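# Breakdown of the fold
Residues per chain, in single letters:
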Amino acid sequence: MTWRVVSATAIGTSHQTNGTDCQDECWAFVESLGGEDVLTVFVSDGAGSAVKGGEGANLAIQAAVRFIVEALSEPHVPLTTVLAQACAQSVHDAIAAEAATRELTPRDYACTLLGVISRRDSTLVFQIGDGAIVLDTGNGLEVAVEPMTGEYANMTNFVTQADHAKVLVARVYPAPALHVAAFSDGLQRLALNMSAGTAHAPFFRPFFDVLAAASLEQEDALQVQLAEFLKSKAVNERTDDDKSLALASWIGGDSLKTMAETPTSSEL
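Here is a short report on the structure shown in this document. Predicted model, so just to flag it, every value in this text is computed and none were measured.

## Some words on the pattern of salt bridges
By the definition in use, this model includes nine salt bridges. The closest approach of N and O atoms between Arg119 and Glu36, which form a salt bridge, is 4.0 Å. Taken together, the residues Arg119 in the loop between β4 (113–118) and β5 (123–128) and Glu36 in strand β3 (residues 36–45) connect sequence positions 83 residues apart. Looking at Arg119, the relative accessible area reads 2%, which means it is buried.

## Observations concerning the packing of helix α6 (residues 201–213) against helix α7 (residues 219–230)
Their axes nearest at 12 Å, the elements α6 and α7 cross at an angle of 165°. In this view, α6 runs roughly antiparallel relative to α7, as classed from their interaxial angle. As for how α6 packs across α7, the hand of that crossing is right-handed. Contact residues: α6 offers Phe203, Phe207, Val210 and Leu211, while α7 offers Leu222, Leu226 and Phe229. A class-by-class count of the residues in the contact of α6 with α7 yields seven nonpolar, no polar and no charged.

## So, the side chain of Asp136
Counting through the fold element by element, Asp136 comes out in strand β6 (residues 132–136). Despite its burial, Asp136 pairs with no opposite charge, the nearest such side chain being Arg205 at 5.3 Å. A polar contact is formed between the side chain of Asp136 and the backbone nitrogen of Asn139, at a distance of 3.2 Å. Not counting chain neighbours up to four residues away, the residues in contact with Asp136 comprise Leu141, Pro176, Ala177, Leu178 and His179.

## What about the pairing of β6?
Extensive coverage of β6 is indicated by the burial of five of its five residues. Burial of β6 is two-sided: the residues Ala132, Val134 and Asp136 facing one way and the residues Ile133 and Leu135 facing the other way are all buried. As paired strands, β6 and strand β9 (residues 179–183) are joined by five bridges and run antiparallel to one another. Of the residues in β9, the one forming a bridge with Ile133 is Ala182. Bridge analysis of β6 against strand β7 (residues 142–143) gives two bridges, and the strand direction is antiparallel. Following the sheet pairing, Val134 is matched in β7 by Val143. From the end of β6 to the start of β7, which pair antiparallel, there are five residues, and Gly138 there has a positive phi angle of about 120°.

## Things to note about the pairing of strand β2 (residues 24–33)
In terms of strand pairing, β2 meets β3 through ten bridges, oriented antiparallel. In the sheet register, Glu31 faces β3, and the bridge partner there is Val38. Where β2 folds back onto β3 in an antiparallel hairpin, the turn is made up of two residues, including Gly34, whose phi is positive at roughly 60°.

## Structural notes on the sheet that holds β3
An order of β2-β3-β4-β5-β8 is seen for the five strands of this open sheet, with the pairing classed as antiparallel. Each of the sheet's edge strands pairs with one partner strand only, and the pair in question is β2 and β8 (169–173). Neighbour-to-neighbour, the strand axes of this sheet turn through a mean angle of 10°, independent of strand direction. Across five bridges, β3 lies against β4 in antiparallel orientation. Following the sheet pairing, Leu39 is matched in β4 by Ser118. Here helix α3 (residues 81–101) sits on the sheet and contacts β3, β4, β5 and β8; the angle it forms with β5, its principal contact strand, is near 45°.

## Structural notes on α3
Over its 21 residues, α3 runs 31 Å from end to end, which matches the ideal 30 Å to within 8%, given 1.5 Å per residue. Every buried residue of α3 is listed here: Leu83, Ala84, Cys87, Ala88, Val91, His92, Ile95 and Ala99. In the core, the buried residues of α3 are packed alongside β3, α2 (53–71), β4, β5, α4 (164–167) and β8. Directly beyond the C-terminal end of α3, a positive phi value near 55° is found at Glu103.

Rules behind the numbers
Residues numbered from 1 in each chain as written. Predicted model: local features only at pLDDT ≥ 70, side-chain atom pairs only at ≥ 80, totals over all residues. Heavy atoms only, no water. Salt bridge = Lys/Arg side-chain N within 4 Å of Asp/Glu carboxyl O. Helix = DSSP H or I, 4+ residues; strand = E, 2+ residues; numbered from the N terminus. Buried < 20%, exposed > 50% of the residue type's maximum accessible area, 1.4 Å probe, protein only. Axes fitted to C-alpha atoms, helices over the stretch in contact; angles between N-to-C directions. Parallel < 35°, antiparallel > 145°, perpendicular 65-115°, else oblique. Left-handed = near helix turned anticlockwise from the far one by under 90°. Contact = heavy atoms within 4.5 Å. Nonpolar A, V, L, I, M, F, W, Y, C, P; charged D, E, K, R; others polar. Lys, Arg positive; Asp, Glu negative; His and termini not counted. Polar contact = N/O pair within 3.5 Å; in protein donor to acceptor, adjacent residues only side chain to side chain. Pairing = 2+ DSSP bridges. Expected span 1.5 Å × (residues − 1).

Okay, structure coming up:
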């Protein structure tokens, strides 16, 4: 039992024009925790208005991974919404502690947090902020959590805010994830049918087919190819924002494809 995973980020053209760094971070990994394989997927998007937004996203991913590795080190720890709340709190506290040492505020590190934890018995999904998680646990692709916005247009929520626990949304599925895609808001208009709030299946299917057919040795090459796709003209014509995409597929199939067979511009 395991998954094949790949993740990558790419700077947005607007950030290149402004001379700012990419503020997205993402993670996808499979490791043995508590005696069984566990898939962990995280995405964080630093707020463009925050002076340390990119650093906040990096800190968020590191803190989330540390928390899950420790929390699931014992066997049979259930994947629950309480676990999601505790993970978000751990991320919030880690960023607040770093801000304090630098004589800054958590708002200076504002970032979103999206997470997926999956194993044989269940899948936990949680989210604070925009971006989206698309997954298939046996009933086809679905958007796990409606991308959330803040009080005003072009605003969202952040794991760094004081009321992060109130805006966190979590779901538990009683099955392992067959396919997972978590991404920042830079890809929302490409990957989602925004008016219907559904996943745009033609965007995801080539990625999942490639992952399901790839070998462990090919993961590094796929990572490079995914990064190239995110930097491609076809993508940048649709979005000028930073982009991050973390993918996982249950291993299966016996034919090898490459990430070069990603969606064509007509499919985006």
